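These are the residues of each chain, in order.
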Amino acid sequence: MLLTLTVPTVSDRVAQTVGKMYLEPEVEPCFHPDSYGYRPGKSALDAVGVARRRCWRHKWVLDLDIKGFFDNLDHELVMRAVSKHTDCRWLLLYIERWLKAPAQLEDGSLVSREKGTPQGGVISPLLANLFLHYAFDEWMRRNYPSILFERYADDIIVHCRSERQAKWIKRAIERRLSQCKLELHPKKTKIVCCRDFGRQGNYPNKKFDFLGFTFRPRLCKSRQGRYFVGFVPAVSDKAAKEIRREMRSWRIHRKSDKSLEELSSLCNATPRGWINYYGQYYKTALYWSFNVFNRILTRWAMRKYKKLRGHCRRATHWLGRLARRQPDLFAHWQVGFRPSAGR
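Residues numbered from 1 in each chain as written. Predicted model: local features only at pLDDT ≥ 70, side-chain atom pairs only at ≥ 80, totals over all residues. Heavy atoms only, no water.

### Digging into the sheet that holds strand S6 (residues 190-193)
What counts here: Two strands qualify as a pair provided that DSSP identifies no fewer than 2 bridges between them. Where helices and strands are cited, they refer to DSSP runs of H or I of at least four residues and of E of at least two residues respectively, numbered from the N terminus. Axes here mean lines fitted to C-alpha atoms, for a helix over just the part in contact, with angles spanning 0 to 180 degrees between N-to-C directions. Here, two residues are considered to be in contact whenever any of their heavy atoms come within 4.5 Å of each other.
Strand order in the open sheet made by the four strands is S4-S5-S1-S6, with antiparallel pairing throughout. Looking at which strands have only one partner, the edges of the open sheet turn out to be strand S4 (149-152) and S6. Between one strand axis and the next, the sheet turns by 20 degrees as a mean value, whatever way the strands run. Sheet analysis places strand S1 (residues 60-65) next to strand S5 (residues 155-160), joined by six bridges and oriented antiparallel. The partner of Leu 64 across the bridge, within S5, is Ile 156. Those strands touched by helix H2 (residues 44-57) are S1, S4 and S5, and its axis lies near 160 degrees from that of S4. Against the sheet, helix H6 (residues 163-179) touches S1, S5 and S6, its axis set at about 25 degrees to S1.

Here it is in C-alpha cells:
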C-alpha cells in the first residue's frame, strides 16, 4: 500500500510549528532513551550503532513492522496521550482539528479522515512518537525491562536471548498493539538469527534491514589485522539500488559542455551525504555503487574528448590517473573509491 503524503497549507504549517515548539519540551524528557526518531540530539546512526553492539551480545532479533502505522493511529488514543502532558485548551483543540481535517485531492474533492495522522505534517512525527511511547516504549519498560530494543519512529528492533524468547515476546507485542488498535505486518515481521556463518544453523531468516542498513554475517578485519566473520550492518541492497538510480538520473554523460570541476561542484553534496551516512559502517559495501559513478564519468570523458571516443579502457585509465593526482575532486575519490589508473 502506498503512503499518501499530505501537504498542509502554509498557515497550518506555521500553526503546527508553534504547537510543536510548545509541546516538544513537555514530552521530550519523558521519552525512552532507546527512542531515536525525530528527537533532538539523536539520529538514525545512533540507533544503528546501538543495534550493532547489541546484536553481538544477543543472538536473536525480532524485526517488527507495524502495518500502516501512520494511517491507522486512533485519534482518541492520540488525544489521550497528548492530554497527559498538557491541559492547554487551544493546543488540544488544534491538534484534534489537524488529526481530523479532511484531505483535499487533486480534483478538489475532500476525503474524511477517521484515523491516522497526516503524512507531511510538521507535528505528525511528534504525535506518532508520543503514541508509540505509551503503546510500546513505556509498556516494554514497565513489563519487560530486561529486553532491549531500538525504535526509530515505527521501525523497531527487539533483541532476544533465544528463539523461544523471541516468539514469546512477539505474541505479547501483538496483543499489546491490538489493544492500541494496531497490528503487526504478518509477512514483514520476522525473527532473525544473528549468528556468524559457522554457527548459524538452518534458520530461515539470517539478516534484517534497519534504517537503510542490512545486518548480516560479513567478513571483518580486527585492529590486529585478523579476519573473522561478524554480524554487522552495511548499506542495504534497496538503499544501494536507490543510490545508483539517483546517480544515473543526473545524466552526467550528457553534460560534455561542463568541466570536471563544474561537475564536481554540481554533484558532490549528495554523494558526500551518502558516504557520511552509509559509510559509517562497512564502508566498502559502497564500492559497487560508486563504481557506477566512475563508469558514468568515464562515459562523460569519452563524449568530451576526441582522443578517448570509442576507447573505454583508455578513458578509464585516464580518469584513474586524474583521480590519483586530484583525489579531492570528487567526494567518493576522497575515501578511496577511484577508477583504476592502469599503467
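Picking up after the structure, the text goes on.
### Remarks on a positive patch on the surface
For clarity, the cut-off: Note that patches include only residues with greater than 30% relative accessible area and no salt bridge, and the join distances are 9 Å for like charges and 5 Å for nonpolar side chains (Val, Leu, Ile, Met, Phe, Trp, Tyr). Accessible surface area values rest on a Shrake-Rupley calculation with a 1.4 Å probe, where residue burial reflects the displayed protein chains alone. The working definition used for a salt bridge is a side-chain nitrogen of Lys or Arg within 4 Å of a carboxyl oxygen of Asp or Glu. Asp and Glu count as negative and Lys and Arg as positive, but His and the ends of the chain are not part of the count. A charge is said to be at NZ when it belongs to Lys, at CZ for Arg, at CG for Asp and at CD for Glu.
A contiguous patch of positive charge, built from Arg 251, Arg 254, Arg 299, Arg 303, Lys 306 and Arg 309, is present on the exposed surface. With respect to the helices and strands, the residue Arg 303 is situated in helix H10 (residues 287-304).

### Comments concerning the nonpolar core
Our working definition: As used here, the term nonpolar core means buried Ala, Val, Leu, Ile, Met, Phe, Trp, Tyr and Cys residues forming a set that is joined through side-chain atoms within 4.5 Å. Only protein chains enter the accessibility calculation, which uses a 1.4 Å probe; a residue is then buried when its area is under 20% of its type maximum, exposed when over 50%, and partly exposed in between.
Within the largest apolar cluster, 53 residues are counted, with the highest numbers of intra-cluster contacts made by Phe 208, Phe 210, Phe 215, Ile 252, Leu 260, Phe 293 and Leu 297. With eight residues, the single largest contributor to this core is H10. Ignoring sequence-local partners within four residues, the contact set of Phe 215 consists of Val 48, Ala 51, Arg 52, Cys 55, Lys 206, Lys 207, Phe 208, Phe 210, Phe 231, Val 232 and Pro 233. Residues Val 27, Ile 66, Cys 88 and Ile 147 belong to the second largest nonpolar core, which totals 48 residues.

### Here we look at the sheet that holds strand S7 (residues 208-210)
Ordered by their spatial adjacency, three strands build an open sheet running S7-S8-S9, and the pairing between neighbours is antiparallel. Where the open sheet ends on each side, the last strands, each with one partner, are S7 and strand S9 (227-235). Direction aside, the axes of adjacent strands within the sheet are offset by 50 degrees on average. Inspection of the sheet shows S7 paired to strand S8 (residues 213-221) by three bridges, in the antiparallel sense. Across the sheet, Phe 210 pairs through a bridge with Phe 213, a residue of S8. Its contacts with the sheet put H2 on S7, S8 and S9, and the angle it makes with S8 is roughly 60 degrees.

### Structural notes on the environment of Ser 264
With respect to the secondary-structure elements, Ser 264 resides in helix H8 (residues 260-267). Here Ser 264 falls in the buried class, since its relative accessible area comes to 8%. On a C-alpha basis, the gap between Ser 264 and Pro 327 in space is 12 Å, while along the polypeptide they are 63 residues apart. Once residues within four sequence positions are removed from consideration, Ser 264 is found in contact with Leu 329 and Phe 330.

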